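Architecture at a glance
Now for the letters of each chain:
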Amino acid sequence: MKPPTRLLSAALGLGVAAVTAVAATVPASAAPAGAAESRANLSTAESIARYEGSGEDKAATKEFFEAVLKSAAEKQAAKPGAAAVTVRYNATRAPSFRGQIASSTAIWNSSVTNVKLQETTGAADFTYREGNDARGSYASTDMHGRGYIFLDYRQNQQFDATRVTTHETGHVLGLYDNYRGPCSELMSGGGPGPSCRNAYPNAAERARVNQLWVNGFAKALKQANITPDGVKNR
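Note on numbering: residues in each chain are counted from 1, in written sequence order. Whole-chain, interface and lining totals are the exception, using all residues; otherwise, since this is a predicted model, local features are given only for residues with pLDDT of at least 70 and side-chain atom pairs are given and counted only at 80 or more. For the side-chain quantities, the full set of heavy atoms in the structure was used; hydrogens and water were omitted.

**A few points about the pairing of strand S2 (residues 85–93)**
Using the following cut-off: Each residue's exposure class comes from its accessible area (1.4 Å probe, protein chains only) as a fraction of the maximum for that residue type: buried when under 20%, exposed when over 50%, partly exposed otherwise. A run of H or I in DSSP becomes a helix once it reaches four residues, and a run of E becomes a strand once it reaches two; helices and strands are each numbered from the N terminus. Strand pairing is assigned whenever DSSP detects at least two bridges linking the two strands. When the strands point away from the viewer, a crossover counts as right-handed if the route from the first strand across the helix to the second turns clockwise.
For S2, the buried fraction is high: seven of the nine residues fall into the buried class. Across five bridges, the pairing between S2 and strand S3 (residues 115–119) is parallel. Its bridge partner lying in S3, Val-85 is registered against Val-115. Read from S2 through helix H5 (residues 98–111) to S3, the crossover connection turns out right-handed. Inspection of the sheet shows S2 paired to strand S4 (residues 126–131) by three bridges, in the parallel sense. Looking across to S4, one finds that Asn-90 is bridged to Thr-127.

Here it is in structure tokens:
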């Protein structure tokens, strides 16, 4: 029986400028009625309550990260000795968010050194999708090494879309939610409220990703039965 899909971070997002930033990229039908009023009324406490993660989210985030890591390790075998692990994503199913995905990629690639994101239109370690979902934006894995980031129209109009996208991509790289953190912490997601537009990981988050991809990659190579010089063991 196919294991059920596991969801991560039921919705993160953030930023008053989201409507103007995303209105041109998402379908007009996705615009929520009274969005400006709902943004104004969404206090920090309400944001935390709405986006508070669960223990299951943390387990699923770890699962997604490890699946992507193993997938990247197998591809990396073709390029032994590379300075950084390359994680490939396919964004063809999220055309409305191409700008935000490109910004998220640039942010992460300029923030960490041990892993790099690279777009492809073919086989990828994870994909981006878009649409309407009452759960908002999230990262998901089917526990078979395939994962995706879903970007919800409504949420990305209410919150800053680049922060939402970069936050969700943080799950792919191994970071957990911390909705009670400050706006300066990317993985605080929607906790600081819609006025938070910071889309950059802080120093601790950058260090954590670098640490994960140094230590985790060696483990992934072992799990994939690949030696450090890129040779697949029989």
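**Structural notes on the state of the cysteines**
Filter applied, for reference: Cysteine sulfur atoms that come within 2.5 Å of each other are treated as a disulfide pair.
Counting across every chain of the model gives one disulfide. There is a disulfide in this structure between Cys-183 and Cys-196, and the S-S distance comes to 2.0 Å. An S-S torsion of about 85° defines the bridge between Cys-183 and Cys-196 as right-handed. Note that Cys-183 is positioned in the loop between helix H7 (161–172) and helix H8 (203–223) and Cys-196 in the loop between H7 and H8, a separation of 13 residues in sequence. On the basis of relative accessibility, which here comes to 3%, the residue Cys-196 falls in the buried class.

**Observations concerning the environment of Val-68**
Here is the rule: Here a residue-residue contact requires only that any non-hydrogen atoms of the pair lie within 4.5 Å.
In this structure, Val-68 sits in helix H4 (residues 55–76). On the accessibility criterion, Val-68 (1% relative accessible area) is buried. In this structure, Val-68 is in contact with Val-87, Asp-125, Phe-126, Val-172 and Trp-213, ignoring residues within four places of it in sequence.

**A look at H5**
As a reminder, the rule being used: Expected span of a helix, by definition, is 1.5 Å for each gap between consecutive residues, and there is one gap fewer than residues. Taking the helix axis as origin, the arc is that swept by the directions to the C-beta atoms.
Given a rise of 1.5 Å per residue, 14 residues ought to cover 20 Å, and the 20 Å separating the end C-alpha atoms of H5 matches this to within 8%. Those residues of H5 that sit buried are Gln-100, Ile-101, Ser-104, Thr-105, Ile-107, Trp-108 and Ser-111. Angularly, the buried residues of H5 cover 165° about the axis, an arc narrow enough to put them on a single face.

**Digging into the pattern of salt bridges**
This is how it is decided: Basic side-chain nitrogens of Lys or Arg form a salt bridge, by our definition, when they fall within 4 Å of a carboxyl oxygen of Asp or Glu.
Applying the stated criterion across every chain, the model contains four salt bridges. The partner of Lys-62 in a salt bridge is Glu-66, and the shortest N-O contact between them spans 2.6 Å. Remark: Glu-66 and Lys-62 occur in helix H4; sequence separation between them is four residues, near one turn of the helix. Under the relative-accessibility criterion, Lys-62 is labelled partly exposed at 40%. On the accessibility criterion, Glu-66 (30% relative accessible area) is partly exposed. Put simply, Arg-135 and Asp-133 hold a salt bridge, and the shortest N to O gap is 2.6 Å. The class of Arg-135 is partly exposed, set by a relative accessible area of 38%. Looking at Asp-133, the relative accessible area reads 17%, which means it is buried.

**A word on the environment of Gln-155**
In this fold, Gln-155 is placed in helix H6 (residues 153–158). Remark: the alpha-carbon pair of Gln-155 and Arg-135, spanning 20 residues in sequence, is separated by 9.2 Å.

**Points about the packing of H5 against H7**
Test applied: Every axis in this analysis is a line fitted to C-alpha atoms, fitted for helices over the stretch in contact. Angles between the N-to-C directions lie between 0 and 180 degrees. Just so you know how the angles are binned, under 35 degrees is roughly parallel, over 145 roughly antiparallel, 65 to 115 roughly perpendicular, and the rest oblique. Take the far helix as your reference; a near helix turned counterclockwise from it by less than a right angle gives a left-handed crossing, and one turned clockwise gives a right-handed crossing. Classification used: nonpolar for Ala, Val, Leu, Ile, Met, Phe, Trp, Tyr, Cys and Pro, charged for Asp, Glu, Lys and Arg, polar for all others including Gly.
Closest axis-to-axis distance for the H5/H7 pair is 9 Å, and the angle between their directions is 55°. Considering their axes alone, H5 and H7 lie oblique with respect to each other. For the element pair H5 and H7, the recorded crossing hand is right-handed. Only Ala-161, Thr-162, Thr-165, Thr-166, Thr-169 and Gly-170 of H7 make contact with H5, whose side of the interface consists of Gln-100, Ile-101, Ser-103, Ser-104, Ile-107 and Trp-108. Considered class by class, the residues forming the contact of H5 with H7 number four nonpolar, eight polar and no charged.

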